[in-house]
Every structure is written in C-alpha cells, then in structure tokens.
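One letter stands for each residue in the lines below.
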Amino acid sequence: MNPAPLVAGATLAGLGLAVYQSTRYAWWTQPQAWHWPRVLMYHMVSPHRPGARFNKLRVPPARFEQQVRWLAENGFSFVHASALAQPHTLPPKPVCLTFDDGYHDNLAHADPVLARHGACATLYLVGDRTGGWSSKKKAHHADDELANEPKLSDDQVRELIATGRWELGGHTATHENLPQLDDHAAAEQVAYSRQQFPAVFDTPSPSFAYPFGIFGPREAAFARDAGYTLALRADGGLSDPSTWDAMAVPRIKVSGKDRLFSFKIRMKRGRRGW
Ligand SMILES: [Zn+2]
C-alpha cells in the first residue's frame with residue numbers, strides 16, 4: 001500500500017485545522033496597545049451546574065485563578081474602575097476586573113483569589129438583591145436560575161469593601177431594562193446607588209454599569225447627571241481611553257467556557273477572533 005496519499009491527507013487535515021484555529025483565534029495578529037485598559041466583565045465564579053443554562057456566566061474557581069495568576073505574572077496592573085476616569089494616570093498594562101449583579105460567590109470564590117495574587121475588583125451591585133428582579137427581564141436574567149442564585153447580603157458587601165480590594169459601582173435598584181422605563185423611573189434607577197450606597201455602605205459608587213448592557217443617549221445622559229465619572233457597556237472589547245466616550249466604556253466578556261488560551265486572545269485583541 002502506498003503511504004503517500006495518507007500522508008498528503010494528513011497534511012491537508014493539519015493545514016485545515018491550522019487555518020480554522022487561526023481564523024477562530026487570530027493568534028498571529030498584533031495586540032491592541034497594552035496601555036488601553038482591559039476591562040473584564042464577570043458575573044459568577046463558581047463551578048458549572050450540570051445542564052444549567054447560564055454556565056457561561058459561571059467561571060469555575062480554578063479557571064478564574066489561572067486567569068488572575070496569568071495577569072499577575074504577565075505584568076498587568078490591577079485597577080479599580082474609578083481609575084479609568086483619569087486615563088493619563090493609569091499604570092502600564094492596566095486591567096480592571098468587574099463583577100455584575102452581586103452574587104455570593106464573589107465573596108466565597110473570587111475574593112480569595114484576588115487576595116492571593118494582589119488583585120482588586122469593582123462590583124456593580126444591584127440595590128435590591130432579595131426580590132425576584134433577575135427573573136423579570138430579558139437577556140441573561142430571563143429565568144429563575146439566576147433569581148435563585150445566592151446573592152451577597154449588605155453585611156457581606158461591607159466585608160468585601162473592608163478588604164480594600166473591592167470598589168462599588170451602580171447597577172440600578174432592581175436591574176431594570178432602562179430604555180423601557182419612562183424618564184423619571186429611568187433617572188431614579190440610574191441614580192439609585194449614588195443616593196443610597198454612601199449611607200448603606202459608607203462608600204461612594206464612582207461608576208455605573210448598564211443592566212444587560214442596554215442603553216441609549218438618554219441613559220448615558222442620566223448617568224452623567226447622576227455624577228458617575230464612567231459608565232460601562234457589556235460588550236465592545238477594547239478602545240483608546242484618550243478618546244473613548246466615558247459613558248459608554250467597552251468591556252471584554254469572560255465566558256465561563258473560555259480556556260486560558262482564549263482568555264489570552266481576548267486580552268490581546270479584546271475579542272476572541274477577528
Ligand atoms: Zn446585571
């Protein structure tokens with residue numbers, strides 16, 4: 001039997017795989033400028049649940065530690081979101097870890113990892129974490145799986161703040177889809193943490209994250225009026241902090257399904273592939 005066709009076949013298959021991997025991850029492309037802040041969006045740091053719908057929002061603790069360790073070992077400087085409002089004062093290779101909503105595992109699983117690697121994070125905390133807010137709206141909060149996920153109590157939030165590792169940010173009172181509200185209700189939701197957090201947690205909330213990442217010019221104006229120096233999207237990758245719109249700062253989603261290789265690509269390019 002002539003082995004040549006087999007070898008040729010294997011070579012072609014290998015070439016096909018390489019093209020696929022290259023296209024998928026664009027590993028050879030130049031990184032975006034490293035002084036552009038990498039603003040990473042997380043929700044939960046917890047093990048996947050078999051058959052659960054929202055495992056992409058659950059980064060397993062060991063994988064989260066791998067990511068934070070990699071950042072620490074590769075010269076990234078961890079900053080709070082408030083620091084992004086003054087881009088010229090940022091350290092080299094700034095990275096800002098953000099957590100949306102206020103899940104209990106942020107204390108149980110994420111904080112110990114931050115402590116071990118000298119990292120810090122910003123928590124976009126929903127004011128009312130006791131009700132069924134997360135089952136009311138569309139997008140990733142659309143069913144009871146996340147409504148039933150344990151949330152941080154006020155005392156646990158104070159515990160996080162006391163570590164010095166966590167900064168608070170606003171994420172509305174009840175996690176509303178803001179464009180669906182009238183002017184008065186939307187403005188109140190946006191301003192909620194500015195008015196409440198200083199009294200409840202003895203700390204300000206210098207920045208804001210739009211629930212579901214859904215917003216328009218009206219919501220951006222409300223965020224500015226409420227006194228936030230920065231408001232974060234739920235997508236968008238990377239942009240130049242000297243020219244970005246501070247009321248629409250992009251973030252890089254970290255999926256619970258990302259392995260370290262795809263995480264590195266996202267850190268380099270702001271997205272997985274092209
Ligand atoms: Zn949210």
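Scroll up to find the structure this text is about.
This text gives an overview of the structure that appears in the document. (Residues numbered from 1 in each chain as written. Predicted model: local features only at pLDDT ≥ 70, side-chain atom pairs only at ≥ 80, totals over all residues. Heavy atoms only, no water.)

### Here's the deal with the overall build of the protein
Within the protein one finds 8 helices and 8 strands. Counting over 274 residues, the protein shows a buried share of 53%. Residue pairs in contact within the protein that sit at least 24 positions apart in sequence constitute 69% of those at least 6 positions apart. For the protein, the exposed area adds up to about 12200 Å²; of that, 55% sits on carbon and sulfur atoms. (Helix = DSSP H or I, 4+ residues; strand = E, 2+ residues; numbered from the N terminus. Buried < 20%, exposed > 50% of the residue type's maximum accessible area, 1.4 Å probe, protein only. Contact = heavy atoms within 4.5 Å. Areas by Shrake-Rupley, 256 points an atom, 1.4 Å probe, with all protein chains shown as cover.)

### Structural notes on the coordination of the zinc ion
Reference geometry at the metal: tetrahedral coordination by four donors gives ideal angles of 109.5 degrees; octahedral coordination by six donors gives 90 or 180 degrees. Distances from the zinc ion to its protein donors, Asp101 (OD), His171 (NE2) and His175 (NE2), fall at 2.1 to 2.3 Å. Read from N- to C-terminus, the donor residues coordinating the zinc ion fall into the pattern D-x69-H-x3-H. Here Asp101, found in strand E3 (residues 94-101), pairs with His175, found in the loop between strand E5 (166-170) and helix H6 (183-201); they are 74 residues apart in sequence, far enough to count as distant. There is no split in this pair, since Asp101 and His175 are both buried. (Donors = N, O, S within 2.8 Å, 3.2 Å for Na, K, Ca; no water.)

### Here's the deal with the environment of Gly169
Tracing the chain through its elements places Gly169 in strand E5. Distance in space between the C-alpha atoms of Gly169 and Ala209 is 7.3 Å, their sequence separation being 40 residues. Sequence-distant contacts of Gly169, defined by excluding residues within four places in its chain, comprise Leu123, Tyr124, Leu125, Phe197, Ser205 and Ser207.

### A short note on the environment of Glu73
Checked against the element boundaries, Glu73 lands in helix H2 (residues 61-73). Along the chain, Glu73 and His117 lie 44 residues apart, while their C-alpha atoms are 9.1 Å from each other.

### Digging into the packing of H6 against helix H7 (residues 217-225)
H7 packs onto H6 with a crossing angle of 50° between their chain directions and a minimal axis gap of 9 Å. Classified by the angle between their axes, H6 and H7 sit oblique to one another. When you trace H6 past H7, the crossing you get is right-handed. The residues of H7 that touch H6, namely those facing Asp183, Ala186, Ala187 and Val190, are Arg218, Phe222 and Ala223. Within the contact of H6 with H7, the residues separate by chemical class into 5 nonpolar, no polar and 2 charged. (Axes fitted to C-alpha atoms, helices over the stretch in contact; angles between N-to-C directions. Parallel < 35°, antiparallel > 145°, perpendicular 65-115°, else oblique. Left-handed = near helix turned anticlockwise from the far one by under 90°. Nonpolar A, V, L, I, M, F, W, Y, C, P; charged D, E, K, R; others polar.)

### A closer look at the packing of aromatic side chains
All chains considered together, the criterion is met by 12 aromatic pairs. Here the aromatic rings of Phe99 and Trp166 are separated by 5.4 Å at their centres, their planes lie at 45°, and the arrangement is tilted. Taken as a pair, Phe99 in strand E3 and Trp166 in strand E5 lie far apart in primary sequence, 67 residues in all. In this structure Phe99 comes out as buried when scored by relative accessible area, which is 0%. Judged by centre distance (5.4 Å) and plane angle (85°), the ring pair of Phe208 and Tyr210 falls under edge-to-face. Here the two residues Phe208 and Tyr210 agree in accessibility, since each one is buried. Through successive ring pairs, a cluster of aromatic residues spans Trp34, Trp70, Phe76 and Phe263. Sitting above the plane of the Phe76 ring, Lys93 keeps its charged end 4.4 Å from the centroid. Against the face of Tyr228 rests Arg194, its NZ or CZ located 5.6 Å from the ring centre. (Phe/Tyr/Trp six-rings, centres within 6.5 Å; stacked < 30°, edge-to-face > 60°. Lys NZ or Arg CZ within 6 Å of the ring centre and 35° of its normal.)

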